[in-house]
Amino acid sequence: MHHLSSERLVALAEGSPARPNERAHLAECPVCAREVNEIAGIMAAVGAREDRPLPTERLQRNAQRIARRIEESRPRAGKVGMRPWATLIPLAAAAVIALVPRLQDTPWQWEASAGGTETQADLSANEFDVLVSGLARSSDELGIVQQVLDRQHSPLREIAEMSGAELENLLDLMEINGSG
Amino acid sequence: MDDHDLVARAKRGDRLAFGMLVDRHQPMVFRTVLRLVRHEDDALDLTQDAFVRAFERLSSFRGESSFGTWVCRIVINLGLNHLRSRRPTVDTDTLVAAPAGASNEAREKMIQARLDRAVDALPPRQRLTLQLRVRDGKTHEEIAEVLQCAVGTSKAAFHAAVMNLRRSLADLGPLMEEDDASPVV
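Small disclaimer: the values here were computed from a predicted structure and weren't measured.

(A) Structural detail: the overall build of chain B. A count of helices and strands for chain B gives nine helices and zero strands. The N-to-C order of helical and strand elements in chain B reads α-α-α-α-α-α-α-α-α. Across the 185 residues that make up chain B, the buried fraction comes to 45%. Within chain B, contacts between residues separated by at least 24 positions form 61% of all contacts whose residues are at least 6 apart in sequence.

(B) Looking closely at helix α7 (residues 140-147) of chain B. All names here are of chain B. Among the residues of α7, those classed as buried are His140, Ile143, Ala144, Val146 and Leu147. For α7, the angular spread of the buried residues around the axis is 165°, confining them to a single face. Looking at the buried positions of α7, the neighbouring elements they touch are α4 (67-84), α6 (124-134) and α8 (151-168). Two residues or fewer after α7 comes Gln148, characterised by a positive phi angle close to 55°.

(C) Structural detail: the packing of aromatic side chains. Residue and element names in this part refer to chain B. Overall, the coordinates contain six aromatic pairs over all chains when judged by the stated rule. Arranged with centres 6.5 Å apart and planes meeting at 80°, the rings of Phe18 and Phe51 form a pair that is edge-to-face. Taken together, the residues span a long stretch of sequence, with Phe18 in helix α2 (residues 15-37) and Phe51 in helix α3 (residues 40-56) at a distance of 33 residues. Across the pair, exposure class does not vary: Phe18 and Phe51 are buried alike. Taking 5.0 Å as the distance between ring centres and 65° as the angle between the ring planes, the aromatic pair formed by Phe18 and Phe55 counts as edge-to-face. Placement of Phe18 in helix α2 and of Phe55 in helix α3 is noted, with a sequence separation of 37 residues between them. Here Phe18 falls in the buried class, since its relative accessible area comes to 0%.

(D) Representation of the layout of surface pockets in the model. Considering only enclosed or pocket space, the second largest pocket measures out at about 340 Å³ in volume. Lining the second largest pocket are 15 residues, and of these Arg49, Asp51 and Arg52 of chain A together with Asp120 and Gln131 of chain B sit closest to its centre. At the level of secondary structure, the elements contributing two or more residues to the lining of the second largest pocket comprise α2 and α5 (104-120) of chain B. Each of two domains, domain 1 (3-84) and domain 2 (92-183) of chain B, supplies a minimum of three residues to the lining of the second largest pocket.

(E) Summary view of the interface of chain A and chain B. Contacts between chain A and chain B engage 45 residues on the former and 49 residues on the latter. Of the roughly 4700 Å² buried between chain A and chain B, counting both surfaces, carbon and sulfur atoms make up 59%. Applying the counting rule to chain A against chain B returns seven salt bridges. Two residues, Glu14 of chain A and Arg133 of chain B, come together in a salt bridge whose shortest N-O distance is 2.5 Å. Across the chain A-chain B interface, the total number found is 15 residue pairs in polar contact (both at pLDDT 80 or more). With 13 residues, helix α3 (residues 30-48) of chain A is the largest single contributor of residues to the side of chain A that touches chain B. The class makeup of the residues in the side of chain A that touches chain B is 20 nonpolar, nine polar and 16 charged.

(F) View of the environment of Arg23 of chain A. Structurally, Arg23 of chain A is set in helix α2 (residues 20-28). Through-space distance from the C-alpha of Arg23 of chain A to that of Ala33 of chain A is 9.7 Å; in sequence the pair is 10 residues apart.

(G) Representation of the nonpolar core in the model. Residues and elements named next belong to chain B. Core analysis: the largest hydrophobic core is formed by 42 residues, its most contacted members being Phe18, Phe51, Phe67, Trp70, Val71 and Ile76. Counting the residues that make up this core, at least three belong to each of domain 1 (3-84) and domain 2 (92-183). Discounting chain neighbours no more than four positions away, the residues touching Val71 are Val29, Ala50, Phe51 and Ala54.

(H) Structural detail: the pattern of salt bridges. Overall, the coordinates contain 16 salt bridges over all chains when judged by the stated rule. As a salt-bridge pair, Glu71 of chain A and Arg15 of chain B come within 3.7 Å of each other at their nearest N and O atoms. In this pair, Glu71 of chain A is assigned in helix α4 (residues 56-72) and Arg15 of chain B in helix α2, connecting two distinct chains. Here Glu64 of chain B and Arg62 of chain B are joined by a salt bridge, their closest N and O atoms 3.9 Å apart. Side by side, Glu64 of chain B and Arg62 of chain B carry an identical accessibility label, which is exposed. Salt bridges sharing partners connect three or more residues here, namely Arg34, Glu35 and Glu38 of chain A together with Arg166 of chain B.

(I) View of α8 of chain B. Here α8 of chain B contains 18 residues, and its C-alpha end-to-end distance of 26 Å stays within 8% of the 26 Å for a straight helix at 1.5 Å per residue. Within the sequence span of α8 of chain B, burial applies to Ser154, Ala157, Phe158, His159, Ala161, Val162, Met163 and Leu165 of chain B. Looking at the buried positions of α8 of chain B, the neighbouring elements they touch are α1 (6-13) and α3 of chain A together with α5, α6 and α7 of chain B.

(J) Spotlight on empty space enclosed by the protein. Going through the model one piece at a time under the given rule, you end up with two cavities of 30 Å³ or more. Put simply, the second largest cavity is a space of about 30 Å³. In terms of lining, the second largest cavity is formed by Arg52, Pro53, Leu54 and Pro55 of chain A together with Phe30, Arg31, Leu34 and Glu40 of chain B. Residue contributions to the lining of the second largest cavity peak at three residues, all from α2 of chain B. Of the residues in the lining of the second largest cavity, the class split is five nonpolar, no polar and three charged.

Criteria and thresholds
Residues numbered from 1 in each chain as written. Chains lettered and ligands numbered in written order. Predicted model: local features only at pLDDT ≥ 70, side-chain atom pairs only at ≥ 80, totals over all residues. Heavy atoms only, no water. Helix = DSSP H or I, 4+ residues; strand = E, 2+ residues; numbered from the N terminus. Buried < 20%, exposed > 50% of the residue type's maximum accessible area, 1.4 Å probe, protein only. Contact = heavy atoms within 4.5 Å. Arc of directions from axis to C-beta. Phe/Tyr/Trp six-rings, centres within 6.5 Å; stacked < 30°, edge-to-face > 60°. 1 Å grid on protein atoms, 1.4 Å probe; cavity = no way out; pocket = protein on both sides within 12 Å on 5 of 7 lines; lining within 4 Å. Points joined across faces, edges and corners; volume = space filled by probe spheres on them. Domains from an automatic or database assignment. Buried area = accessible area lost by both parts, 1.4 Å probe. Salt bridge = Lys/Arg side-chain N within 4 Å of Asp/Glu carboxyl O. Polar contact = N/O pair within 3.5 Å; in protein donor to acceptor, adjacent residues only side chain to side chain. Nonpolar A, V, L, I, M, F, W, Y, C, P; charged D, E, K, R; others polar. Core = buried A, V, L, I, M, F, W, Y, C linked by side-chain atoms within 4.5 Å. Expected span 1.5 Å × (residues − 1).

Take a look at the structure:
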């Protein structure tokens, strides 16, 4: 006769329903039946222990100390354990998604069209030129914006691969220019 | 006002709302960590630390669990870290049975003391799992949420705790009459 495993004995003692074969075994095996009862007895004894009464006055003083400490503390932004720039990813993604579709069909023409007449493609490129210039406050920033927007083919993948500094710079620029 | 509203207000910087959350949940948080660290002063300090940390990180609380469960997780982590820096203080070898012929009352007190010390001697996670399950009546799913572990891990810790207690108290015989224990089989 195989006795029940200790895992099953504990499970039965804590109230798990007995399977048919276990029920039959317990009816025949006084060893397992006694063990289940002993384990249940231990659990009942632990459950019957009385907690010490709460130190209510000390808890009240503790609450006052907590209040003082949070007066002095500053809530942190972002998710615990997250790199700070990671919260910027959705914003950057939204920005690039908004920009990329119109750029993908547009050949890059940074020069003005001849004769002062602008094609639709030229207009788009010019619009973009204005946008990029507007976003960037310096040549360094222009480089950053162009680096990001040149990665047209898979913006989400590229964003995922961007460094924290790149994201922060991009979002900083967007926020300053009201594009975020 | 329910916790959800208080948390929303606290997230906007309302410290009074956070104070109400402290009043509401401090007893449970304190009791949880007291069971873990067993020293009242330490438990009060850790409770303080847990609420301050919760306030500082409130923006990361997304309400996927209850506020109370979230703070309990924080205090349990703090408590476990606290215990790692300390050596166990309970020596189970010194636990002796009551002498033969002792009165029922003396025997009962002795059993109570033995039981308390045996529970205190359990590894912290086993102790907490046992108490959450047996004393608070939490399911393994609920324990797993508080302890941030798998349900199977909670069951394994519970099983280990019960087996350890059984070994520690083996010389006492059955702790309760069968009728009192009332196992469900």
